[in-house]
Amino acid sequence: MMMPSDVTRLVGVAREAAPRAYSPYSEFRVGAVAITPDGDEVTGVNVENAAYPSSTCAEATAIATAVAAGARKIDTVVVACIDAVDISGAYPCGRCRQIMAEFDVDSVVVTAGDGSEVRTHTFDELLPYRFG
Ligand code: THU
């Protein structure tokens, strides 16, 4: 279980990554951190493409990078949608939730805009009755 001070720090790490997003089409910058059971903190950003469906979300990038480094489980994913005006527009998409399911994510932290509102969810809350 993460301490509140860890959550605050990790939200900072995700927010710091977000401006590195490659999102010239949506202009919606997202940063994510995948935290492994070893305590590694792997960042990702959304990487868009002129062929829009070829784009990748920040969460998927972070998880794929962590897996490439050897992780087979991800404890927590922290997502910062710094261009989302409201936290309701800052939640992971369905595809990313399915990717999280594959690596047995326990909890997801979401934040929008200036980061003043931070919500922590169990993964079960975000994707109940999942396929696996
Ligand atoms: N996006 C993410 O990277 N993560 C989310 O949680 C929501 C959406 C990206 C996909 C696309 O590049 C842009 O944000 C707008 O949808």
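Rules used in this analysis
- Residues numbered from 1 in each chain as written.
- Predicted model: local features only at pLDDT ≥ 70, side-chain atom pairs only at ≥ 80, totals over all residues.
- Heavy atoms only, no water.
- Core = buried A, V, L, I, M, F, W, Y, C linked by side-chain atoms within 4.5 Å.
- Buried < 20%, exposed > 50% of the residue type's maximum accessible area, 1.4 Å probe, protein only.
- Helix = DSSP H or I, 4+ residues; strand = E, 2+ residues; numbered from the N terminus.
- Contact = heavy atoms within 4.5 Å.
- Near = heavy atom within 4 Å.
- Polar contact = N/O pair within 3.5 Å; in protein donor to acceptor, adjacent residues only side chain to side chain.
- Areas by Shrake-Rupley, 256 points an atom, 1.4 Å probe, with all protein chains shown as cover.
- Nonpolar A, V, L, I, M, F, W, Y, C, P; charged D, E, K, R; others polar.
- Pairing = 2+ DSSP bridges.
- Axes fitted to C-alpha atoms, helices over the stretch in contact; angles between N-to-C directions.
- Arc of directions from axis to C-beta.
- Salt bridge = Lys/Arg side-chain N within 4 Å of Asp/Glu carboxyl O.

Asks: Sorry if this is basic, but what is going on with the nonpolar core here?
Replies: A general trend in soluble globular proteins is that nonpolar side chains are found buried together. Ranked by internal contacts, the top residues of the largest apolar core, which has 27 residues, are I63, I74, V77, M100, V105, V108 and F123. Secondary-structure elements contributing two or more residues to this core are β1 (30-35), α2 (58-68), β3 (76-81), α3 (94-102), β4 (107-112) and α4 (123-126). Counting residues per element, this core draws most heavily on α2, which supplies 5 residues. Filtering out sequence-adjacent residues up to four positions away, V105 remains in contact with I74, D75, V77, M100 and F123. The next biggest cluster of nonpolar side chains, apart from the first, holds 11 residues, and it includes V7, V33, I82 and V109.

Asks: Help me out: how do you make sense of the site of the ligand in this one?
Replies: Surrounding the ligand, one finds S26, F28, V30, N46, E48, C57, A58, E59, Y91 and P92. For the ligand, an oxygen atom lies 3.0 Å from a polar atom in the side chain of N46. Backbone polar atom of A58 to an oxygen atom of the ligand: 2.9 Å apart, as the coordinates give it. Protein coverage of the free-state accessible area of the ligand, which is 370 Å², stands at 78%. Split by residue class, the shell around the ligand holds 6 nonpolar, 2 polar and 2 charged.

Asks: Would you mind going over the sheet that holds strand β5 (residues 118-122) with me for this structure?
Replies: Each strand in a sheet pairs with its neighbour through backbone hydrogen bonds, running either in the same direction (parallel) or in the opposite one (antiparallel). One open sheet accounts for 5 strands, arranged β2-β1-β3-β4-β5; its pairing is mixed. Across the chains shown, the open sheet's two edge strands, defined by having one partner strand only, are β2 (41-45) and β5. Sheet twist, expressed as the average angle between the axes of neighbouring strands with direction ignored, equals 15°. Pairing analysis gives 6 bridges linking β1 to β3, with the strands arranged antiparallel. Residue pairing in the sheet places G31 in a bridge with A80 of β3. Sheet strands in contact with helix α1 (residues 4-17) are β1, β2, β3, β4 and β5, and its direction is about 135° off that of β1.

Asks: What's the story with α3 in this structure? I'm lost.
Replies: Three- or four-residue spacings in an α-helix give side chains the same orientation, since the helix completes a turn every 3.6 residues. Listing the buried residues of α3 in full gives C96, R97, M100 and A101. One face of α3 carries all of its buried residues, which in axial projection span an arc of 150°. Away from its buried face, by an angle of more than 90 degrees, α3 presents the exposed residues R95 and E102. In the core, the buried residues of α3 are packed alongside α2, β3, β4 and α4. One or two residues past the end of α3 sits D104, with phi positive at roughly 55°.

Asks: Could you clarify how one ought to interpret the pattern of salt bridges in this entry?
Replies: Evaluated as defined, the whole model comprises 6 salt bridges. In this structure, D106 and K73 form a salt bridge, with 2.9 Å as the shortest nitrogen-oxygen distance. Of this pair, D106 sits in the loop between α3 and β4 while K73 sits in the loop between α2 and β3, and the two are 33 residues apart along the sequence. Taking the relative accessible area as the measure of exposure, D106 reaches 40% and is therefore partly exposed. Since its relative accessible area comes to 21%, K73 is described here as partly exposed. Close ionic contact of R130 with D124 constitutes a salt bridge, the shortest N to O distance being 2.9 Å. With relative accessibility at 49%, the residue D124 sits in the partly exposed group. Three or more residues joined by partner-sharing salt bridges are found here, namely K73, D75 and D106.

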